[in-house]
Amino acid sequence: MMKEKPCGEKWFCPNWMALALNEAHKAYDMNEVPVGAVLVKDNELIATAHNQMHQSQNPLNHAESLVIEKGLEILGQNHLRGCLLYVTLEPCCMCAGAIELAGIETVYFGAYDLKMGQIDNNHRVLSHSKINVYGGFFEKECAQLLVDFFKMKR
């Protein structure tokens, strides 16, 4: 029987993805597309964020870009080397570019986005970068929240 790797700075930690999913629920409650993100460094929480595009009337305010901005401010740096990003939906092209420019080390995402996702789908923006990317974590929960949101909108 294999033992699970402990939550650590280089391994997936379900607690961080659960926190990202909690952020996605906050977005849902605010009538925003339910996506949440968590930034971690050395197994310590740096920042959390969720989509705020409608509330802020700014289409750039995706969970990933907001958590990157917060992380840079909190760490007082112009890069996020050594940081891990947990996000509930496969990042879009804009967010994938921001992740690469910020120097995030590893991305763990939940649901795959066949239409806008740019990590495993479409143009695979990060396929030539040194960023470690892993998808499908809490996939059912993350996807169901999105399905429920868009059903409500119709």
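The rules we used
Residue positions are given per chain, counting from 1 as you read along its sequence in written order. Where local features are concerned, this predicted model is filtered to residues with pLDDT of at least 70; where side-chain atom pairs are given and counted, the filter is 80 or more; whole-chain, interface and lining totals use all residues. By convention in this description, side-chain values take in all heavy atoms of the structure and omit both hydrogens and water. Using a 1.4 Å probe on the protein chains alone, a residue whose accessible area is under 20% of its type maximum counts as buried, one over 50% counts as exposed, and one in between counts as partly exposed. Strands here are runs of E lasting at least two residues and helices are runs of H or I lasting at least four, both read from the DSSP assignment and numbered beginning at the N terminus. One requirement defines pairing of two strands: DSSP has to find at least two bridges between them. A clockwise course of the path from the first strand over the helix to the second, judged with the strands pointing away from the viewer, identifies a crossover as right-handed. Nitrogen and oxygen atoms within 3.5 Å of one another constitute a polar contact, given that in protein one can donate a hydrogen and the other can accept it, and given that sequence-neighbouring residues count only through two side-chain atoms. Between two residues, a contact is recorded if the distance between any of their heavy atoms is within 4.5 Å. The axes are straight lines fitted to the C-alpha atoms, using for helices just the contacting stretch, and the angles between their N-to-C directions are given from 0 to 180°. Here the word oblique covers every angle except those under 35 degrees (roughly parallel), over 145 (roughly antiparallel) and from 65 to 115 (roughly perpendicular). Working rule for handedness: look at the near helix, and if it is turned counterclockwise from the far one by less than a right angle, call the crossing left-handed; if clockwise, right-handed. Residues are grouped as follows: nonpolar covers Ala, Val, Leu, Ile, Met, Phe, Trp, Tyr, Cys and Pro; charged covers Asp, Glu, Lys and Arg; every other residue, Gly included, is treated as polar.

Trainee: How do you make sense of the pairing of strand 3 (residues 83–89) when you look at a structure like this?
Mentor: On a regular strand, each side chain points to the face opposite its neighbour's, so the side chains alternate between the two faces of the sheet. Most of strand 3 sits out of view: 7 of its 7 residues are buried. For strand 1 (residues 36–41) and strand 3, the ladder comprises 5 bridges, and the chain directions are antiparallel. Residue pairing in the sheet places leucine 39 in a bridge with leucine 85 of strand 3. In this structure, strand 3 lies alongside strand 4 (residues 106–111), joined through 5 bridges in parallel fashion. From the neighbouring strand, valine 87 faces strand 4, where its bridge partner is phenylalanine 109. On the question of chirality, the crossover connecting strand 3 to the parallel strand 4 by way of helix 4 (residues 93–102) is right-handed.

Trainee: Mind showing me how you'd approach the side chain of asparagine 61 here?
Mentor: Among the secondary structure elements, asparagine 61 is positioned in the loop between helix 2 (53–56) and helix 3 (63–75). A distance of 2.7 Å separates a polar atom in the side chain of asparagine 61 from a polar atom in the side chain of serine 56. Contact partners of asparagine 61, with chain neighbours within four places excluded, come to Asn51, Gln52, Met53, Ser56 and Leu66.

Trainee: Even after reading the chapter, I still don't get the packing of helix 3 against helix 4, so can you show me in this structure?
Mentor: The axes of two packed helices give the description: the angle between them and the distance between them. Relative orientation of the contacting elements helix 3 and helix 4 amounts to 20°, with a least axis distance of 9 Å. Considering the angle they form, helix 3 stands roughly parallel to helix 4. Both helix 3 and helix 4 take part in a crossing whose hand is left-handed. The residues of helix 4 that touch helix 3, namely those facing Glu64, Ser65 and Ile68, are Cys95, Ala98, Ile99 and Ala102. Grouping the constituent residues of the contact of helix 3 with helix 4 by class yields 5 nonpolar, 1 polar and 1 charged.

Trainee: Before we go on, may I ask you to explain unusual backbone geometry in this structure?
Mentor: Excluding glycine, a negative phi dihedral is what most residues carry, and trans is how most peptide bonds are arranged. Even without glycine at this site, asparagine 43 takes up a positive phi of about 60°. Within the fold, asparagine 43 resides in the loop between strand 1 and strand 2 (44–50). The class for asparagine 43 is partly exposed, based on a relative accessible area of 30%. The phi dihedral of phenylalanine 138 falls on the positive side, at around 55°, and the residue is not glycine. Note that phenylalanine 138 resides in the loop between strand 5 (132–135) and helix 5 (139–153).

Trainee: Is there a simple way to explain the sheet that holds strand 5 in this structure?
Mentor: Adjacent strands of a sheet pair through backbone hydrogen bonds, lying either parallel or antiparallel. Read across the open sheet, the 5 strands follow the order 2-1-3-4-5; overall the sheet is mixed. Each having just a single partner strand, strand 2 and strand 5 make up the two edges of the open sheet. Neighbour to neighbour, the strand axes of the sheet diverge by 15° on average, direction disregarded. Of the strands in this sheet, strand 3 and strand 4 touch helix 5, which is tilted by about 60° from strand 4.

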